[in-house]
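Topology and contacts: notes
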Amino acid sequence: MSKLTLGSYPHMLGFEQLERLLERSAKSGNEGYPPYNIEQTSDHSYRITLAVAGFAEEDLAITVEDRQLVIRGRQRDDSEGRVFLHRGIAARQFQRMFVLADGVEVGEAVMENGLLHVDLTRARPETVVQTISIKKG
């Protein structure tokens, strides 16, 4: 069985980057922690909400790296000197990545009631009509 690539379709020129993005997003993993929602808040804006209960703002880092939104969380270990009879709340770290399309910009991030909201906006693409002149050879 051969791998199907966008290069197999000669009428789809310049989509190699899309193929790389699809491969990268498939490799990003499907871990379930922390759970998140993605909602469309208008025709050109989105909101990613992560459930980050137990994390403070200083425990979280949000970066954009090579058209990927990366959200990392690392809690400080404050269990020194404490004796747990049962420890069911894990203090684990996480990294969530979201591939961003061209024109999608990251807006503000707000922490509210254990939820981290990250707003995204997509710029409206301009319609470009270009006439190409034909020269005699």
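Quick look at the structure, then. In this text, all values refer to a predicted model and were calculated from it rather than measured experimentally.

Reading the values: the criteria
Residues numbered from 1 in each chain as written. Predicted model: local features only at pLDDT ≥ 70, side-chain atom pairs only at ≥ 80, totals over all residues. Heavy atoms only, no water. Pairing = 2+ DSSP bridges. Helix = DSSP H or I, 4+ residues; strand = E, 2+ residues; numbered from the N terminus. Axes fitted to C-alpha atoms, helices over the stretch in contact; angles between N-to-C directions.

1. Some points on the sheet that holds strand β5 (residues 94-99)
Read across the sheet, three strands follow the order β3-β4-β5 without closing on themselves; strand pairing throughout is antiparallel. Each edge of the sheet is formed by a strand with only one pairing partner; in this case those strands are β3 (60-65) and β5. Direction aside, the axes of adjacent strands within the sheet are offset by 15° on average. Of the pairings in the sheet, the one linking strand β4 (residues 68-73) to β5 comprises six bridges and is antiparallel in character. Directly across from R72, in β5, lies its bridge partner Q95.

2. Quick word on the pairing of strand β2 (residues 45-51)
Across six bridges, strand β1 (residues 36-42) lies against β2 in antiparallel orientation. Each bridged residue has a counterpart across the sheet, and for N37 the counterpart in β2 is T49. Here β1 folds back onto β2, and the loop between the two strands holds two residues. Bridge count for β2 against strand β7 (residues 115-122) is seven bridges, and the pairing is antiparallel. Following the sheet pairing, A51 is matched in β7 by L115.

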